[in-house]
Amino acid sequence: MEFYPSIEKSNIQEIKQFQEQKLQELLTYLETHSPFYQKLFKQNNINIADVQSLEDLQKIPTTTKNDIQQNNDDFFCIPSHKIVDYSTTSGTLGDPVTFGLSDNDLERLAYNEAISFACAGIQKGDVVQMITTIDKRFMAGLAYFLGLRKMGASVVRMGPGIPELQWDSIFRYKPKYLITVPSFLLKMIDYAEKHGVDYKNSSVYGAVCIGESIKNQDFTDNILSQKIKEKWNIKLFSTYASTEMSTAFTECEFQVGGHHHPELIITEILDDEGNLVKEGESGELTITTLGVEAIPLLRFKTGDIVKAHYEPCECGRNTMRLGPVVGRKQQMIKYKGTTLYPPAMNDILNDFNNILCYQIVIQSNEIGLDEIIIKISTDSDSENFVNEVRDHFRAKLRVSPKIEIIDFDILSKTVFNPNSRKPITFIDLR
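Residues numbered from 1 in each chain as written. Predicted model: local features only at pLDDT ≥ 70, side-chain atom pairs only at ≥ 80, totals over all residues. Heavy atoms only, no water.

Under an unreviewed UniProt entry, the protein has the name Phenylacetate-CoA ligase and belongs to Chryseobacterium polytrichastri.

Written out as structure tokens, the structure reads:
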């Protein structure tokens, strides 16, 4: 098993030719096995022989999550008896969608995570503690386990939550890496400081961070990352993935974006009109999966607004790299003339040490305009605390949202819902 694929260090033209060959194989597979894409090709008079290059992809309409929700069964390319695992999307952009995986798809998933973890520096023999669920039809947790097993690492399957048990496991099994939602690291640090745990002398070297951004667009540490590193000097690696992609974009040791794996996925970054954005501009990540057997996707719009970086990386890979997600297209907020995404508000709220938890609620007011309500639990006694938060919003984002102080016992039950895989810090009621 090659965990450092040679295609990723090939020149740009070789990578493009390689992907165009894989695209031909995918189009033939879809025309033969996919009821949804058979219909799409027919309705749009698409002859797959006319799609020879990556540029020719523009001849094919995009696919959305709404398409999959409305035609879920038609996306399956194999009979049900060949499905060995059922996963669902997290539902961040709406109702969950069912994804089946064949035995070959699980092998591909394991390969993807193995090369992604290797990119972040994890090696055979390393002990890795998974602070994430592997059940509840969660594809990522299964992928992490399969990838670590394939590369020969040892896995400690702890699951999310309960800092006391996490520390017990760390000192018992001495993991070098953690896989976790980064904000949970702050909870682990807080527990360690309150209970005299010598966390700074633990075995942990680094954490692969999932579900939340830890970088600004220029790859400097954002507020969340800074707060973790101020207390605990460990390496933090970004990774970005989704159930639909069955593919991860993970940072290498130089930490300037998640590396693209060209043998697994074709990427396009599109503007609102569906055209490719210019280099250096942000747009919606649109993906075409390669090597997927059960539910391959062609020009699927992920809903994530990202920026690509094309200059060669110091690690020797020549693949495109994805920067931090700017925001989700459906979560864009128009507030008094200013365009906002939740990650920008998260950074502001994470700047306050005495905010125990928070939730951003977006709703439409009586005249149809977006309204922002920030719900906060705090241990601050200051009468000016709300004004301080509001002033910080004005200074950073030039907006002044409505702020409500909520008792921690009440708000935390909504934010840390046991049925959710990550904290629910954003609710869209529009």
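Read on, since the account is not over.
Draft legend 1. Local environment of the environment of Tyr341. Within the secondary structure layout, Tyr341 lies in the loop between strand E16 (338-340) and helix H9 (342-350). The class of Tyr341 is buried, set by a relative accessible area of 16%. For the pair Tyr341 and Asn72, spaced 269 residues apart in sequence, the C-alpha separation works out to 29 Å. Those residues in contact with Tyr341, other than ones at most four positions away along the chain, are Ile305, Val326, Gly327, Arg328, Gln331 and Met332. (Helix = DSSP H or I, 4+ residues; strand = E, 2+ residues; numbered from the N terminus. Buried < 20%, exposed > 50% of the residue type's maximum accessible area, 1.4 Å probe, protein only. Contact = heavy atoms within 4.5 Å.)

Draft legend 2. Seen up close, the environment of Phe249. Relative to the assigned elements, Phe249 resides in strand E8 (residues 247-250). Residue classification places Phe249 among the buried residues on the basis of a relative accessible area of 1%. A C-alpha to C-alpha distance of 13 Å links Phe249 and Thr289, two positions 40 residues apart in sequence. Once you skip the residues sitting within four places of it in the chain, Phe249 turns out to touch Ser238, Thr239, Tyr240, Gly258, His259, His260, Ile265, Thr267, Met320 and Leu322.

Draft legend 3. Examining the sheet that holds strand E20 (residues 426-428) more closely. Spatially, the 4 strands line up as an open sheet ordered E19-E18-E17-E20, and their pairing is mixed. The outermost strands of the open sheet, each flanked by one partner alone, are strand E19 (402-405) and E20. Averaged over all pairs of adjacent strands, the angle between their axes in this sheet comes to 20 degrees, without regard to strand direction. Where strand E17 (residues 355-364) meets strand E18 (residues 370-378), 9 bridges bridge the pair, whose relative direction is antiparallel. Bridged to Tyr358 within E18 is Ile376. Contacts between H9 and the sheet are confined to E17, E18 and E20, with E17 contributing the most and set at about 150 degrees to the helix. The strands touched by helix H10 (residues 385-397) are E17, E18 and E19; relative to E19, the strand with the most contacts, the crossing angle is about 145 degrees. (Pairing = 2+ DSSP bridges. Axes fitted to C-alpha atoms, helices over the stretch in contact; angles between N-to-C directions.)

Draft legend 4. Spatial organisation of the pairing of strand E7 (residues 235-242). Note: strand E6 (residues 206-209) against E7, 4 bridges, orientation parallel. Considered in E7, the bridge of Ala207 is made with Leu236. Traced from E6 through helix H8 (residues 223-231) to E7, the parallel crossover comes out right-handed. Where E7 lies against E8, 4 bridges are found, and the strand directions are antiparallel. (Right-handed = clockwise from strand over helix to strand, strands pointing away.)

Draft legend 5. Just a nonpolar patch on the surface, in detail. Together, Leu356, Phe408 and Phe416 give the surface a local cluster of nonpolar side chains, amounting to about 240 Å² of exposed area. Tracing the sequence through the fold places Phe416 in the loop between helix H11 (408-415) and E20. Owing to a relative accessible area of 33%, Phe416 belongs among the partly exposed residues under this scheme. (Patch = residues over 30% accessible without salt bridge, like charges linked within 9 Å, V, L, I, M, F, W, Y side chains within 5 Å. Areas by Shrake-Rupley, 256 points an atom, 1.4 Å probe, with all protein chains shown as cover. Salt bridge = Lys/Arg side-chain N within 4 Å of Asp/Glu carboxyl O.)

Draft legend 6. Quick peek at the packing of H9 against H10. Where H9 meets H10, the axes come as close as 10 Å, and the angle between the chain directions of the two elements is 135 degrees. Taken together, the axes of H9 and H10 lie oblique to each other. As for how H9 packs across H10, the hand of that crossing is right-handed. Contacts between H9 and H10 involve Ala344, Met345, Ile348 and Leu349 from the first element and Val389, His392, Phe393, Lys396 and Leu397 from the second. Its residues assigned to classes, the contact of H9 with H10 shows 7 nonpolar, 1 polar and 1 charged. (Parallel < 35°, antiparallel > 145°, perpendicular 65-115°, else oblique. Left-handed = near helix turned anticlockwise from the far one by under 90°. Nonpolar A, V, L, I, M, F, W, Y, C, P; charged D, E, K, R; others polar.)

Draft legend 7. Unusual backbone geometry, seen in detail. Within the chain, Asn45 stands out as a residue other than glycine whose phi angle is a positive 50 degrees. Positionally, Asn45 belongs in the loop between helix H2 (35-43) and helix H3 (65-70). The phi angle at Lys136 is positive, at roughly 55 degrees, despite the residue not being glycine. Position of Lys136 relative to the elements: it lies in the loop between strand E3 (127-130) and helix H5 (139-151).

Draft legend 8. Spatial organisation of helix H1 (residues 12-33). With 22 residues, H1 should cover 32 Å at 1.5 Å per step; its first-to-last C-alpha distance of 31 Å lies within 8% of that length. Buried within H1 we find Ile15, Gln19, Glu20, Leu23, Leu26, Leu27 and Leu30. Taken around the axis of H1, the buried residues stretch over an arc of 135 degrees, which confines them to a single face. Buried positions along H1 lie against H2, strand E10 (265-270) and strand E11 (282-289). Of the residues that open H1, the one with a side-chain oxygen 3.1 Å from the backbone nitrogen of Gln13 is Asn11. (Expected span 1.5 Å × (residues − 1). Arc of directions from axis to C-beta. Polar contact = N/O pair within 3.5 Å; in protein donor to acceptor, adjacent residues only side chain to side chain.)

Draft legend 9. Structural context of the nonpolar core. Of all hydrophobic cores here, the largest spans 40 residues; its most connected members are Tyr37, Phe41, Ile60 and Leu298. Where this core is concerned, the elements lending two or more residues are H1, H2, E10, E11 and strand E12 (300-309). Excluding anything up to four places from it in sequence, Tyr37 contacts Leu30, Thr63, Phe75, Pro296, Leu297 and Leu298. Residues Ala114, Leu148, Val181 and Ile210 belong to the second largest nonpolar core, which totals 23 residues. (Core = buried A, V, L, I, M, F, W, Y, C linked by side-chain atoms within 4.5 Å.)

Draft legend 10. Summary view of the packing of aromatic side chains. Enumeration according to the criterion identifies 12 aromatic pairs in this entry. Centre to centre, the rings of Tyr37 and Phe41 are 6.3 Å apart; their planes meet at 40 degrees, and the pair counts as tilted. Taken together, the positions of Tyr37 and Phe41, both in helix H2 and 4 residues apart, correspond to about one turn of that helix. Residue Phe41 is classed as buried on the basis of its relative accessible area of 3%. An angle of 75 degrees between the planes, with centres 5.8 Å apart, marks the rings of Tyr177 and Tyr205 as edge-to-face. With Tyr177 in strand E5 (residues 177-180) and Tyr205 in the loop between helix H7 (182-194) and E6, the pair connects residues that are 28 residues apart, well separated along the chain. The rings of Phe36, Tyr37, Phe41 and Phe75 are connected pair by pair, giving a single aromatic cluster. Directly above the ring of Tyr205 sits Lys176, whose terminal nitrogen or CZ lies 5.4 Å from the centroid. (Phe/Tyr/Trp six-rings, centres within 6.5 Å; stacked < 30°, edge-to-face > 60°. Lys NZ or Arg CZ within 6 Å of the ring centre and 35° of its normal.)

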